[in-house]
Amino acid sequence: THSMPSLNGKKIMLAITGSIAAYKAASLTRLLIKSGAEVQILMTEAAKAFITPLTLSTLSKKPVYSEVISEDGWNNHVELGLWADAMVIAPCTANTLAKMANGLCDNIVLACYLSARCPVYFAPAMDLDMWKHPSTVQNLNKLKDFGCKLIPVGHGELASGLVGDGRMAEPEAIVEMLTTALVPDSVFQGKKVLVTAGPTYEAIDPVRFIGNRSSGKMGIVIADRLAAKGATVKLILGPSRLQVDHENVETIRVESAQEMYEAALKIYPEVEIAVMAAAVADYRPKVVADQKIKKKTNTFDLELEKTADIAASLGKIKRKNQINVGFALETANETANAAGKLVRKNFDFVVLNSLNDKGAGFNKPTNKISLLFSEDKIKKFELNSKEAVAVDIVNEIEQLLASRDE
């Protein structure tokens, strides 16, 4: 991994609230200090049950504020609100989220939040059902409307033993998000990107469709990664249960290959990069019944016709300075088939997934890829989480961009 740009001299106000995830605040503080930031920690009373002020003042090399009304504390929130380059609330509990959304002010964290003149980032941490509760959803949307920046929650095992959304983002991800926002030196800054993701559903009748097992996860984490690096992303997403929360991503929802084709054709001329990660149907029913087809005969013939080839169509109108990245999910003659796609569809490189690799393919949290370039150049990667694979793919695009800008 290349070294992260530093937060040298940036002033970060880090607020910690009463969640089990508060233990991660120690490594978050260390990472911020290590990247050169000055960190002032605030804690709610409840947070002290999970991690001690002593631990955090030792790591931040500053006294920790937890009362509004201590000797030196009363004016602090106004001064701190002016001092900081960014305020980060991590972990942010459902309770603090609700108080922020409604302007309550009964502790130092909320006093500083209400006085902050700087961007405010919040990293929610709560159990699955709390995270999904309509009141939390409403509070979250309110905060986004106020201009507060959500640090998306992770998916995984929660303290309750349930598995789902609601985990606080990892400290590394939080530092990276802050770095990208406060030190915008990425080559993606201001770049427009198109990403396609997810399956397509081709209607047979009003009820049934032909589809595939893609979850959309790979394309979604790529869109999220590009957005985190400062790109403005338009994500054309087929029928997927997943979504991206990053403010730099605009999601266009589609159902069929034809809808995805039309949306891509419209957006493509205005972007510099296109990443085609969607699993688009190659065929669709030639005739779509307008009523539900009834069960009458023992056999039923369905005539299929080819769908428009999105990648090939974009490859034909590709300008010299555009970068197109394709995906190939193969089961046989993998490298040869992917290399054929590279040429036919005018890709800069192709991301090859093999269904023969354990842990790769649809609906899995992991992936194993190879990148194919012209002149039979190939880069192979080990099995990794889809988030880590997204980092590798985006790094490759970054290198291409950098070499063109030189």
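Procedures and definitions
Residues numbered from 1 in each chain as written. Predicted model: local features only at pLDDT ≥ 70, side-chain atom pairs only at ≥ 80, totals over all residues. Heavy atoms only, no water. Helix = DSSP H or I, 4+ residues; strand = E, 2+ residues; numbered from the N terminus. Rg over C-alpha atoms; globule rule 2.2 N^0.38 Å. Buried < 20%, exposed > 50% of the residue type's maximum accessible area, 1.4 Å probe, protein only. Areas by Shrake-Rupley, 256 points an atom, 1.4 Å probe, with all protein chains shown as cover. Lys, Arg positive; Asp, Glu negative; His and termini not counted. Charge placed at Lys NZ, Arg CZ, Asp CG, Glu CD. Contact = heavy atoms within 4.5 Å. pLDDT = per-residue confidence, 0-100. Axes fitted to C-alpha atoms, helices over the stretch in contact; angles between N-to-C directions. Parallel < 35°, antiparallel > 145°, perpendicular 65-115°, else oblique. Left-handed = near helix turned anticlockwise from the far one by under 90°. Nonpolar A, V, L, I, M, F, W, Y, C, P; charged D, E, K, R; others polar. Salt bridge = Lys/Arg side-chain N within 4 Å of Asp/Glu carboxyl O. Pairing = 2+ DSSP bridges. Phe/Tyr/Trp six-rings, centres within 6.5 Å; stacked < 30°, edge-to-face > 60°. Lys NZ or Arg CZ within 6 Å of the ring centre and 35° of its normal.

### Looking at the overall build of the chain
Looking only at helices and strands, one finds 13 helices and 21 strands in the chain. In terms of overall size, the chain behaves like a compact globule, its C-alpha atoms giving a radius of gyration of 24 Å where 406 residues would be expected to give roughly 22 Å. Seen along its three principal axes, the alpha-carbon backbone of the chain occupies a region of about 80 × 55 × 35 Å. In the chain, which comprises 406 residues, the share counted as buried stands at 49%. Summed over all atoms, the accessible surface of the chain reaches about 20100 Å², with 51% contributed by carbon and sulfur. Each charge class in the chain was averaged separately, 48 positive and 47 negative side chains, and the resulting centres sit 3 Å apart.

### Looking at the environment of Asn337
Assignment of secondary structure puts Asn337 in helix 12 (residues 334–344). C-alpha separation for the pair Asn337 and Gln399, spaced 62 residues apart in sequence, amounts to 25 Å. Leave out the neighbours within four places in its chain, and Asn337 touches Glu330 and Ala332.

### Here's the deal with the confidence of the model for the chain
Averaged over all residues, the pLDDT of the chain equals 92, while 95% of them reach at least 70. When the criterion is pLDDT under 50, residues 1–5 qualifies, and its contacts beyond four places in sequence or with other chains add up to eight contacts.

### Side note on the side chain of Ser214
Within the secondary structure layout, Ser214 lies in the loop between strand 10 (209–210) and helix 9 (217–228). In this structure Ser214 comes out as buried when scored by relative accessible area, which is 12%. The contact partners of Ser214, leaving out residues within four places of it in the chain, are Gly198, Pro199, Ala279 and Phe362.

### A look at the packing of helix 1 (residues 24–34) against helix 8 (residues 171–182)
Contact geometry of helix 1 with helix 8 gives a least axis separation of 9 Å together with a crossing angle of 40 degrees. Taken together, the axis directions place helix 1 and helix 8 in an arrangement best described as oblique. In terms of crossing hand, the pair formed by helix 1 and helix 8 is right-handed. For the pair helix 1 and helix 8, the contacting residues are Lys24, Ser27, Leu28, Leu31 and Leu32 in the first and Pro171, Glu172, Ile174, Val175 and Leu178 in the second. Each residue belonging to the contact of helix 1 with helix 8 can be placed in one class, and the counts come to seven nonpolar, one polar and two charged.

### Looking at the pattern of salt bridges
Applying the stated criterion across every chain yields a total of 21 salt bridges. Between Glu247 and Lys149 there is a salt bridge, with its nearest N and O atoms 3.9 Å apart. With a gap of 98 residues between them, Glu247 in the loop between strand 11 (232–237) and strand 12 (249–253) and Lys149 in strand 5 (residues 149–150) connect regions that are remote in the sequence. The closest approach of N and O atoms between Arg167 and Glu170, which form a salt bridge, is 3.2 Å. On the accessibility criterion, Arg167 (29% relative accessible area) is partly exposed. Each of the salt bridges in this network shares a partner with another, and the network as a whole consists of Lys24, Arg167 and Glu170.

### Digging into helix 10 (residues 257–267)
Of all the positions in helix 10, only Ala257, Met260, Tyr261, Ala263, Ala264 and Ile267 are classed as buried. On the buried face of helix 10, the contacting elements are strand 8 (192–197), strand 9 (202–203), strand 11, strand 12 and helix 11 (310–316).

### Structural notes on the environment of Asn141
Position of Asn141 relative to the elements: it lies in helix 7 (residues 134–146). C-alpha separation for the pair Asn141 and Ala101, spaced 40 residues apart in sequence, amounts to 8.9 Å.

### Notes on the sheet that holds strand 5
Read across the open sheet, the five strands follow the order 2-1-3-4-5; overall the sheet is parallel. The open sheet has two edge strands, strand 2 (38–43) and strand 5, and neither has a second partner. Of the strand pairs in this sheet, strand 4 (residues 120–124) and strand 5 are connected by two bridges, and their pairing is parallel. Following the sheet pairing, Phe122 is matched in strand 5 by Leu150. This element, helix 5 (residues 108–115), spans strand 1 (11–16), strand 2, strand 3 (86–92) and strand 4 of the sheet and lies at about 125 degrees to strand 2. In the packing of helix 8 onto the sheet, contacts are made with strand 1, strand 3, strand 4 and strand 5, and the angle to strand 3 comes to roughly 160 degrees.

### Side note on the packing of aromatic side chains
On inspection of all chains with the given rule, the structure shows two aromatic pairs. Measuring from centroid to centroid gives 3.8 Å for Tyr201 and Phe209, while their planes differ by 10 degrees, and the two rings are stacked. Geometry around Phe373 places Lys377 over its ring, the cationic atom sitting 4.5 Å from the centre.

### Description of the pairing of strand 13 (residues 273–276)
Burial along strand 13 is two-sided: Ile273 and Val275 and Ala274 and Met276, pointing in opposite directions, are all buried. When strand 13 meets strand 16 (residues 323–330), the two strands line up parallel, connected through four bridges. Looking at strand 16, one finds that Ala274 is bridged to Asn324.

### Some thoughts on the sheet that holds strand 16
Spatially, eight strands are ordered 12-11-8-13-16-17-19-20 in an open sheet, and the strand pairing comes out mixed. Looking at the sheet topology across the chains shown, the edges are occupied by strand 12 and strand 20 (378–380). Pairs of neighbouring strands in the sheet enclose a mean axial angle of 15 degrees, with direction left out of account. Across six bridges, the pairing between strand 16 and strand 17 (residues 349–354) is parallel. Across the sheet, the residue bridging to Glu330 is Ser354, located in strand 17.

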